[in-house]
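Secondary and tertiary structure notes
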Amino acid sequence: MSKKDIKLEAQALNAYYGDFHALKNINIAMEEKNVTAFIGPSGCGKSTFLRTFNRMNDYIDGFRVEGQILLDGNNIYQKDVQVDELRKQVGMVFQKPNPFPKSIFENVVYGLKIQGIKNKAVLAEAAEKSLRQAALWDEVKDNLNKSALALSGGQQQRLCIARALAISPTVLLMDEPASALDPISTAKIEELIYELKNHYTIVIVTHNMQQAGRVSDQTAFFYMGELVEYAKTKTMFTSPKDNRTQNYITGRFG
Amino acid sequence: MTNSEKNRLKDKAFQVFGIFCTFIGLVVLAIFLFDIVIEGVKRIDWDFLTSLPSRRASRAGILTAWVGTLWILVLTTLIAFPLGVAAGVYLEEYGKKNRLSSFLEINIANLAGVPSIIYGLLGLEIFVRQMRLGGSLLAGALTLSLLILPIIIVTTREAIKSVPRSIRDGSFALGASKWQTVWFQVLPASFGGILTGIILALSRAVGEAAPLIVIGALAYVPFTPSSPMDEFTVLPIQIFNWTSRPQEAFLNNAAAAIIVLLIITFMLNGIAVYLRNRQQRKIKW
Amino acid sequence: MPHIDKELERLKVKLLEMWDLVEYQLQSGREAMLTSNTELAKLVIKRDKKVNQFDVKIDRMCENFFALFTPVAVDLRMVLAILKINANLERLGDTAEGIARFVKKLDAPMHPELLEKTQVVPMYEEALAMFAACRVAFTSNDTQLAKSIIKRDKALNKIYRKSDGIATEFMQQHPDQISEALALLSIIKKLERVGDQVTNIAEEIIFYREAKVVKHKQDKKKKKD
């Protein structure tokens, strides 16, 4: 592996939904400014794992975690960690575009506003910067006060990315960000991910093998709550070590 | 006759029966409205709305009654709205899914089904006697608030539930607290639904006579109330009072007052429908 | 530029680097042959390892490209063409190495008369020219040029067919230089192979640009004749 710093790390991570053992002893380290793809069949725990990085599972009744998740070397499941502070560092984009039923501008600056930032100039600047980063600025700059719900699905998803970028995170979690979009919008999102990895550490869950191949540097294959294989994407896609990985990526499962 | 022919016949028969059932309610309502309007419309004029009650039917008006109703409406809203919405928000957003919460839920559902007269007795004991509010507007409004609280809680919860999980996730993921998420996202998005529920609850409260009679609202109040501690009457009580008189003229008065009461309820319902439609147009998840 | 295009560009650049190396090998082979420079010949033989490394590297890159990008249509044909051109270049490298091996065995310079009669020098020039033109056709996506290269191969074949007789005659006249003549004959045969390899590359260029299979067409025509 290259000499980049380790940004995210899971150590002996176990997760449970009540009695169900959802993640089994996961150990993984992800480098800074890299794209890591999580692949695996539905219910394999990849989304659950992704959500441990910003503690989105905390709201689920009966969910608990053992082990450590390290962000820049600090355990985010420590008692004194405030989740709102954590989430300023770890942004998230969801499967279905979920813009708030507000204007485009309000969507982008929401994260800043809840931090108490009221200065209009600051908000406007941040909005433009993140919309540009999300490759949406040119399409919406004249309609910032239009409802976000009037945008197309692909635009909505890029708006959600801009919204996440506005609070300047260092990590971006993406939970199947293109699975609800048409191929053109998907291609745009993928290009965007490729650009964004110059500045952010990105973890993406995807069901689309080609997508994992196109956008990611490393790929992790999960099966039944286990991390079966973690390797460079090229290595995994040309010569996977585990038979289960082979069967999954060649579409011969079960 | 083959089997499929039989089935088709059954289908037709049920269709006819269904239409009949649907129209029964409408027809009864139409007859009722027609009857009331015939009887009462000639009594409605400006004087009728602005006169105090009187022993003589031709001079009697409903000023104190509708002003009382208005007072009750406003006070009830002020009391029930924050209580009901806050309780709904707590149960839906904060309450853990444990035994206590299911106990609360069952009881709120039960409360919604309790006859209104029982609320009257409760109000009489607590507000009128224990809190020494007497037969005042405040006691009446508090009693009616109790009556509609379960409805408001349930509709608030339903409205909040209809806000998709993804909106909350989006807010939380940006570092928002639960309170910020509820205040900035969930409540604005569900406000139309909540308002609709409140208005429907109020339109029920407007029509209630029984609990108010129990707590001591009077049929004859020769002045319009000017503070929440004043004695009062409301339209349903006035109507009840007039219909129990033997004179024909008072029955006409009652019909006229019923028209006024119906207009108020229809208006409230109309506003509710309007708000709901607007909400549905504005937000498509 | 989309990600996939960047990766394709990288592949192309790598292939062209290999191309240049092979061209340099062929030119060096010619140089060594004309001047009987055995040192240069040894160098060419040694450098063939580098060509082979390119071959492995480009194979690997193509494999990764298929795995990661699952290309379709023009992208797919492009990578397929690169893969096959890569194989052809590798063989051209081997050919250059083969020529160098024959040169290495020579004790003295070639007899001028032999060179003159067999037309090996113009043949070598033509093969190199075709190879250079092929590179232009590849970089500029010029299928017309590629088609013209396929036709030029005939000239090489002609020289090759005549070389047997000329060599035999020469050997009868100069029995002391039989080994030289045989070596030259082998070189000519190698050059004829160069023509074929370049033709194959040109065919791949046409396939990638126009999605038309042109190879093996001529065989059919010949049968009709």
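Residues numbered from 1 in each chain as written. Chains lettered and ligands numbered in written order. Predicted model: local features only at pLDDT ≥ 70, side-chain atom pairs only at ≥ 80, totals over all residues. Heavy atoms only, no water.

Focus: the overall build of chain B
- Assigned secondary structure in chain B consists of 11 helices and 0 strands.
- In chain B, the succession of α and β elements from N to C terminus is α-α-α-α-α-α-α-α-α-α-α.
- A buried classification covers 45% of the 285 residues belonging to chain B.
- For chain B, the computed accessible surface area is about 15300 Å², with 68% contributed by carbon and sulfur atoms.
- The average position of the 26 basic charges and that of the 16 acidic charges among the side chains of chain B differ by 6 Å. (Helix = DSSP H or I, 4+ residues; strand = E, 2+ residues; numbered from the N terminus. Buried < 20%, exposed > 50% of the residue type's maximum accessible area, 1.4 Å probe, protein only. Areas by Shrake-Rupley, 256 points an atom, 1.4 Å probe, with all protein chains shown as cover. Lys, Arg positive; Asp, Glu negative; His and termini not counted. Charge placed at Lys NZ, Arg CZ, Asp CG, Glu CD.)

Some words on the overall build of chain C
- Looking only at helices and strands, chain C features 8 helices and 0 strands.
- Of the regular secondary structure in chain C, the N- to C-terminal order runs α-α-α-α-α-α-α-α.
- Taking 225 residues into account, the globule formula puts the C-alpha radius of gyration at 17 Å, and chain C, at 19 Å, falls close to it.
- When the backbone C-alpha atoms are referred to their principal axes, chain C occupies close to 65 × 45 × 20 Å.
- Evaluated residue by residue, chain C yields a buried proportion of 48% over its 225 residues.
- Counted over contacts in chain C with a minimum sequence separation of 6, partners at least 24 positions apart contribute 84%.
- The centroid of the 39 positive side-chain charges in chain C is displaced by 5 Å from the centroid of its 34 negative side-chain charges. (Rg over C-alpha atoms; globule rule 2.2 N^0.38 Å. Contact = heavy atoms within 4.5 Å.)

Describing empty space enclosed by the protein
Residue and element names in this part refer to chain B.
- A full pass over the atoms with the stated rule returns 1 cavity of 30 Å³ or more.
- Looking at the largest cavity, its volume works out to about 40 Å³.
- Thr69, Ile72, Leu144, Ala205, Val206, Glu208, Leu212 and Val234 together form the lining of the largest cavity.
- Among the secondary structure elements, those contributing two or more residues to the lining of the largest cavity are α3 (63–94) and α8 (178–207).
- Within the lining of the largest cavity, the residues separate by chemical class into 6 nonpolar, 1 polar and 1 charged. (1 Å grid on protein atoms, 1.4 Å probe; cavity = no way out; pocket = protein on both sides within 12 Å on 5 of 7 lines; lining within 4 Å. Points joined across faces, edges and corners; volume = space filled by probe spheres on them. Nonpolar A, V, L, I, M, F, W, Y, C, P; charged D, E, K, R; others polar.)

Overview of the nonpolar core
- With 190 residues, the main nonpolar core has Leu131(A), Ile161(A), Trp19(C), Leu89(C), Phe131(C), Phe138(C) and Ile201(C) as its most contacted residues.
- Those residues in contact with Leu131(A), other than ones at most four positions away along the chain, are Val108(A), Leu136(A), Trp137(A), Val140(A), Leu144(A), Leu159(A) and Ala162(A).
- In this structure, Phe53(A), Val90(A), Met92(A) and Val203(A) belong to the second largest nonpolar core, which totals 32 residues. (Core = buried A, V, L, I, M, F, W, Y, C linked by side-chain atoms within 4.5 Å.)

Focus: the pattern of salt bridges
- Counted according to the given criterion, the structure contains 30 salt bridges over all chains.
- Put simply, Asp138(A) and Lys141(A) hold a salt bridge, and the shortest N to O gap is 3.8 Å.
- A salt bridge links Asp20(C) to Arg135(C), with the shortest nitrogen-to-oxygen separation between them at 2.8 Å. Of this pair, Asp20(C) sits in helix α1 (residues 3–35) while Arg135(C) sits in helix α5 (residues 120–139), placing them 115 residues apart in sequence.
- Its relative accessible area of 22% is what places Arg135(C) among the partly exposed residues.
- Counted as one network, the salt bridges with shared partners bring together Glu92(B), Glu105(B) and Arg157(B). (Salt bridge = Lys/Arg side-chain N within 4 Å of Asp/Glu carboxyl O.)

Considering the environment of Gly120(B)
Residues and elements named next belong to chain B.
- Structurally, Gly120 is set in helix α5 (residues 116–130).
- Note on Gly120: relative accessible area 0%, which makes it buried.
- C-alpha of Gly120 to C-alpha of Arg168: the two residues are 48 residues apart in sequence and 40 Å apart in space.
- Those residues in contact with Gly120, other than ones at most four positions away along the chain, are Thr143, Pro211, Val214 and Ile215.

A word on the sheet that holds strand β6 (residues 90–93) of chain A
Residue and element names in this part refer to chain A.
- On the basis of which strands lie adjacent, the open sheet formed by 6 strands has the order β6-β7-β8-β3-β9-β10 and mixed pairing. Edge positions in the sheet fall to β6 and β10 (226–232), since each has one partner strand and no second. Taking each pair of neighbouring strands and ignoring which way they run, the sheet shows an average axis angle of 15°.
- By the bridge criterion, 4 bridges tie β6 to strand β7 (residues 171–175) in an arrangement that is parallel. Among the inter-strand pairings, Val90 is bridged to a residue of β7, identified as Val171.
- Across the sheet, helix α7 (residues 183–196) is in contact with β3 (35–39), β7 and β8 (201–205); its angle to β8 comes to roughly 150°. (Pairing = 2+ DSSP bridges. Axes fitted to C-alpha atoms, helices over the stretch in contact; angles between N-to-C directions.)

Notes on the confidence of the model for chain C
All names here are of chain C.
- Confidence in the prediction for chain C averages 89 pLDDT; 96% of positions are at 70 or higher.
- Helix α2 (residues 38–69) holds the highest mean pLDDT among the elements of chain C, 94, whereas helix α8 (residues 217–224) holds the lowest, 56.
- In the model output, the complex is listed with pTM 0.78 alongside ipTM 0.90. (pLDDT = per-residue confidence, 0-100.)

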